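Descriptive structure summary
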Amino acid sequence: MHGLMMEQPLLISDLIRHADRHHGSTEIVSKRVEGDIHRYTYRDAHKRARKLAKALLALSVKLGDRVATLAWNGYRHYELYYGVSGIGAIIHTINPRLFGEQIAYIANHGEDKYLFLDLTFVGLVEKLAPELKTIKGYVILCDRARMPKTTLPNAMCYEELVEAQDDRYEWPTFDERTACGLCYTSGTTGNPKGVLYTHRSTIIHAYAAALPDTLNLSARDCVLPVVPMFHANAWSLPYGCTMIGVKMVFPGPHLDGKSVHELFETEHVSMSAGVPTVWLALLNFVKENKLKFSTLKTLVIGGSAAPPAMIRGFRNEFGVNVLHAWGMTEMSPLGTAGTLKAKHADASQEDKFTVQARQGRAPFGVDMRIVDTQGRELPWDGKAFGDLHVRGPWITSSYFKGEGGDPLKGGWFPTGDVANIDADGYMQITDRSKDVIKSGGEWISSIDLENIAVAHPAVAEAAAIGIVHPKWDERPILVVVKKAGAEVSREELLKFYEGKIAKWWMPEDVVFVNELPHTATGKLSKLNLRQQFQSYKLPSA
Ligand code: AMP
């Protein structure tokens, strides 16, 4: 027997309609590419998203069409999130930090019909335009006065396009399984693969993201997403904050420590989210200038492992709580968050840090397991580690256009991460499976080695990689960037490891460099680093 509740599809347009009605005067503030501050409300944003929807229809964008963006976090990008998906088209957020060829590949593979771009990217796109086979027109996110002279064919001005329409528009209703967004993963090998979200998956994910034990979003908060809207939907914040009516602050391209800190203070930001590299810059800036955070309570750190030294630093020196989260583009992206349980209430601060350094627990909606190389499930004892598999309603079932074949294993999505899970369900990533260091048939966690290195006061950033060894298969070395003006020798750093790891985990060598390679999403690029160290010889080999 079916129940008797209303059938109402879960649609993205309902988020902004709700925010307009219930949080109409709550602000959305943007530091624009133009350099100034723009502020308006959810009500204004909804109005403009409706005008944009009409403009898209006038450009004959239809259900299922892909509309691409190359844009920073800002109110116009936010309007596109709602205007495009709201009419049943698909917003394809492209990461501008990718190589030109990758951007062209992605736009062609996605068969994008229009490309909306920030002023910053006009030069880049002019070069790529001859390669972009399906794009009918380019819309530059600015007003008429700032429209640049451009060689882009069929270039249009966003403000003119939007303002030519009125806001008399009712969002259409359609199947909640309709695609709403497309985001390509920057896989380390092969071509990027597209993850295609649905309205349903996005809404359920936003609910889960907002929960107290996940991102804990509330209408009393002010959230500044540093994580870009072109990286896994800015971890759901443009959806989750809209659902809850949170004041949002968009930093545009201004992501240096000074700009971010300034916005935190002037807008009274209570929560922010991003990858560790951004927080490293912020932490250094704030320390160097003897500043503090007056309103910031929580920093969500994910995308790469949050080093325990960073978690400690923010708490002990600035009273800011770090919420360690893990996820991936294929998971919309939230997988786990490291909030504590009641049993930790009386734990020492050190013990709390130990729990927080793990990547966290899964909210309802994410099912996890760890398996050995034969696919046998491993126990949750905090020690056994293996391949991490996930399943749930906001996790991908296959890639766009079936790229790469069926990714699932018996209904589970293999994350490519290696992890252990403890008896309380706290998961800890020990490595990307491609990055584990295999020594004498055993595995060494590169993340553990890196976390220890960055706890040394003279180390800014560190990467551990395996180097081929004639006897042991591989041995770890450490590649280190020192903090400006700080000194540490190879021997001092190795001594720092004593007592912290098993002897056979000890790095064989330390190599100091000026900088480490990063991917387009701000993660250490171990692939590039291994290539750089291809001809490196271990002292013992
Ligand atoms: P992306 O799809 O670009 O967001 O990358 C997802 C991958 O980033 C995951 O599979 C992990 O390898 C890595 N990752 C994300 N969050 C964390 C974290 N908190 N700790 C360690 N690795 C992480």
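Everything discussed here concerns the structure shown above.
One structure accompanies this document, and this report is about it. (Residues numbered from 1 in each chain as written. Predicted model: local features only at pLDDT ≥ 70, side-chain atom pairs only at ≥ 80, totals over all residues. Heavy atoms only, no water.)

**Examining the site of the ligand**
Stated precisely, the cut-off is as follows: Here, proximity means that at least one heavy atom of the residue falls within 4 Å of the molecule or strand. Under this definition, polar contacts are N or O atom pairs within 3.5 Å; protein pairs additionally need one hydrogen-donor-capable and one acceptor-capable atom, and for neighbouring residues in sequence, both atoms have to be side-chain atoms. The accessible surface values rely on the Shrake-Rupley method and a 1.4 Å probe; as for residues, cover is taken only from the protein chains in view. Helix and strand assignments come from DSSP, with helices taken as H or I runs of at least 4 residues and strands as E runs of at least 2, each series counted from the N terminus. Classification used: nonpolar for Ala, Val, Leu, Ile, Met, Phe, Trp, Tyr, Cys and Pro, charged for Asp, Glu, Lys and Arg, polar for all others including Gly.
By nearness alone, 15 residues border the ligand, and Ala325, Thr329, Gln359, Asp417 and Arg432 come closest of all. Separating a nitrogen atom of the ligand from a backbone N or O atom of Gly303 is a distance of 3.0 Å. With the chains in place, 91% of the 500 Å² that the ligand exposes on its own is no longer accessible. Considering each element in turn, the shell around the ligand owes the most residues, four residues, to strand β14 (residues 321–327). Taken together, the residues that form the shell around the ligand break down as four nonpolar, eight polar and three charged.

**Observations regarding unusual backbone geometry**
Note the following rule: Relative accessible area decides the class of each residue, using a 1.4 Å probe on protein chains only: under 20% of the type maximum gives buried, over 50% gives exposed, and in between gives partly exposed.
Look at the link from Ser332 to Pro333: it is a cis peptide, with omega at 15 degrees. In this model, Ala234 sits at a positive phi of 45 degrees, which is unusual for a non-glycine residue. Overall, the relative accessible area of 0% leaves Ala234 in the buried class.

**A word on the nonpolar core**
Stated formally: Definition used in this section: a nonpolar core is a set of buried Ala, Val, Leu, Ile, Met, Phe, Trp, Tyr and Cys residues joined via side-chain atoms within 4.5 Å. Residue contacts are defined here by distance: any two heavy atoms, one from each residue, within 4.5 Å place the two residues in contact.
Grouped together as the largest cluster of nonpolar side chains are 116 residues, with contacts concentrated most on Tyr78, Phe116, Trp279 and Phe314. The element contributing the most residues to this core is helix α2 (residues 42–58), with seven residues. Excluding its chain neighbours within four sequence positions, the residues that come into contact with Trp279 are Val226, Val260, Phe264, Ser272, Ala273, Gly274, Leu299, Val300, Ile301, Met310 and Phe314. Counting 31 residues, the second largest nonpolar core, distinct from the first, contains Ala104, Val122, Leu152 and Cys157.

**Brief notes about the environment of Glu131**
Relative to the elements of secondary structure, Glu131 occurs in the loop between α5 (122–128) and β6 (137–140). Among the residues examined, Glu131 registers a relative accessible area of 43% and is labelled partly exposed. Separated by 294 residues in sequence, Glu131 and Gly425 have C-alpha atoms that sit 48 Å apart. With sequence-adjacent residues up to four places away left out, Glu131 is seen in contact with Ala104 and Asn108.

**Thoughts on the packing of helix α1 (residues 13–23) against helix α8 (residues 237–244)**
To keep things clear, this is the line we draw: All axes here are fitted lines through C-alpha atoms, helices being fitted over the stretch that makes contact, and every angle between N-to-C directions spans 0 to 180 degrees. Put simply, a crossing is left-handed when the front helix is turned counterclockwise from the back one by less than a right angle, and right-handed when it is turned clockwise.
One can describe the packing of α1 onto α8 by two numbers: an axis separation of 7 Å at closest approach and a directional angle of 40 degrees. Crossing handedness for the pair α1 and α8: left-handed. Of α8, the residues touching α1 (which contributes Leu15, Ile16, His18, Ala19 and His23) are Tyr239, Thr242, Met243 and Ile244. The residue inventory of the contact of α1 with α8, partitioned by class, reads six nonpolar, three polar and no charged.

**A short note on the pairing of strand β22 (residues 459–469)**
What counts is decided by this rule: Strand pairing follows a simple DSSP-based rule, namely that at least 2 bridges must link the two strands.
With respect to burial, β22 is a largely interior element, ten of its eleven residues being buried. Bridge count between β22 and strand β23 (residues 473–482): ten bridges; the pairing is antiparallel. Across the sheet, the residue bridging to Ile467 is Arg475, located in β23. Between β22 and β23, which follow one another and run antiparallel, lie three residues.

**Quick word on the packing of aromatic side chains**
What counts is decided by this rule: A pair of Phe, Tyr and Trp rings is counted when the ring centres sit within 6.5 Å of each other, with Trp represented by its six-membered ring. The angle between the planes then sorts it: under 30 degrees is stacked, over 60 is edge-to-face, the rest tilted. Lysine NZ or arginine CZ positioned within 6 Å of the ring centre and within 35 degrees of the ring normal marks a charge as sitting over the ring.
The tally for this structure, following the rule as stated, stands at 18 aromatic pairs. For the ring pair Phe293 and Phe314, a centre distance of 6.3 Å and an interplane angle of 45 degrees mean the geometry is tilted. With Phe293 in the loop between α10 (276–288) and β13 (298–301) and Phe314 in helix α11 (residues 308–318), the pair connects residues that are 21 residues apart, well separated along the chain. Residue Phe293 shares its accessibility class with Phe314, and that shared class is buried. Members of the aromatic cluster, each reached through a chain of ring pairs, are Tyr42, Tyr78, Tyr81, Tyr82, Tyr239 and Phe250. The residue whose ring lies beneath Lys482 is Phe512, and the NZ or CZ to ring-centre distance is 4.4 Å. The ring of Phe496 has Lys500 lying over it, and the distance from NZ or CZ to the ring centre is 3.7 Å.

**A word on the sheet that holds strand β16 (residues 367–371)**
Consider a sheet: its strands pair through backbone hydrogen bonds, and that pairing is either parallel or antiparallel. The four strands lie next to each other as β16-β17-β18-β19, forming an open sheet whose pairing is antiparallel. The sheet is open, and its two edges are formed by β16 and β19 (427–432), each paired on a single side. Looking at each pair of strands side by side, their axes are set apart by 45 degrees on average, direction ignored. Bridge count for strand β17 (residues 385–391) against strand β18 (residues 413–421) is five bridges, and the pairing is antiparallel. Bridge pairing in β18 links Gly386 to Ala419.

Everything listed here is a matter of coordinates, which is why it stays silent on function.
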